[in-house]
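# Working through the structure, step by step
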Amino acid sequence: MMVQRPRRFTLMPAVALLGLSALVSVPLLSGSHLYAASPVRVATVTVRTGDSLWTLAERYTPAGGDVQDTIDRIAGANHLRGAIIVPGQRLHIPQ
């Protein structure tokens with residue numbers, strides 16, 4: 001009568017699978033590049049009597065630029081929900 005020996009568990013299949021996954025994932029990961037966002041320059045302005053978002057945007061819009069785009073950037077930088085600003089309020093104007 002033939003006696004069967006119990007099979008020994010080996011780590012070879014797990015090592016081979018790990019090596020194969022490393023061969024596939026390392027080139028994919030090394031091909032990606034991370035870039036930092038460029039710093040945004042801002043001017044801080046204190047609102048005076050008679051100022052509006054439009055007049056401030058006109059003052060800070062570059063020649064040939066769109067005033068409405070500047071208004072949108074000012075509103076976004078200051079978390080404004082509307083166009084109302086009050087004297088004494090400090091606003092950040094993205095440059």
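Being a predicted model, the structure only gives us computed values, none of them experimental.

## Focus: the pattern of salt bridges
Working definition: two side chains of opposite charge can pair if their charged atoms are close together. For the coordinates displayed, the defined rule picks out two salt bridges. Note that Asp51 is salt-bridged to Arg48, the shortest N-O span being 4.0 Å. When its relative accessible area of 16% is taken as the criterion, Asp51 is described as buried. Linking Asp51 and Arg59 is a salt bridge whose minimum nitrogen-to-oxygen distance equals 3.3 Å.

## Regarding a nonpolar patch on the surface
On the surface, a nonpolar cluster with roughly 510 Å² of combined accessible area is contributed by Phe9, Leu11, Met12 and Val15. Secondary-structure assignment places Val15 in helix 1 (residues 12–30).

## Re helix 1
Between its first and last C-alpha atoms helix 1 spans 27 Å; for 19 residues at 1.5 Å apiece the expected length is 27 Å, and the two agree. Buried residues are scarce in helix 1, accounting for zero of its 19 residues.

## Comments concerning the environment of Ala77
Summarising the element assignment, Ala77 is placed in helix 3 (residues 67–77). Judged by relative accessible area, Ala77 falls into the partly exposed class, the value being 34%. With 20 residues separating them in the primary sequence, Ala77 and Ala57 have C-alpha atoms 13 Å apart. Non-local contacts of Ala77, meaning those with residues more than four positions away in its chain, are made with His92 and Pro94.

So, how was this worked out
Just so you know, the residues in each chain are numbered from 1, in the order the chain's sequence is written. In keeping with the model being predicted, local features are shown solely for residues with a pLDDT of at least 70 and side-chain atom pairs are shown and tallied solely at 80 or more, while totals for entire chains, interfaces and linings include all residues. Remark: hydrogens and water are excluded; side-chain values derive from all non-hydrogen atoms of the structure. Whenever a carboxyl oxygen of Asp or Glu lies within 4 Å of a side-chain nitrogen of Lys or Arg, that contact is scored as a salt bridge. Buried means the residue's accessible area, taken with a 1.4 Å probe over protein chains only, is under 20% of the maximum for its type, while exposed means over 50%, and partly exposed covers the values in between. The residues that make up patches have over 30% relative accessible area and no salt bridge, and they are joined within 9 Å when like-charged or within 5 Å when they are Val, Leu, Ile, Met, Phe, Trp or Tyr. All accessible-area figures derive from a Shrake-Rupley calculation using a 1.4 Å probe, and residue coverage is judged against the displayed protein chains alone. Secondary structure elements follow DSSP: runs of H or I no shorter than four residues count as helices, runs of E no shorter than two count as strands, and numbering proceeds from the N terminus. In this analysis, the expected span of each helix is defined as 1.5 Å times one less than the number of residues it contains. Note on contacts: a residue pair is in contact if any heavy atoms of the two residues lie within 4.5 Å.

Limitation: the analysis is restricted to geometry and does not speak to function.
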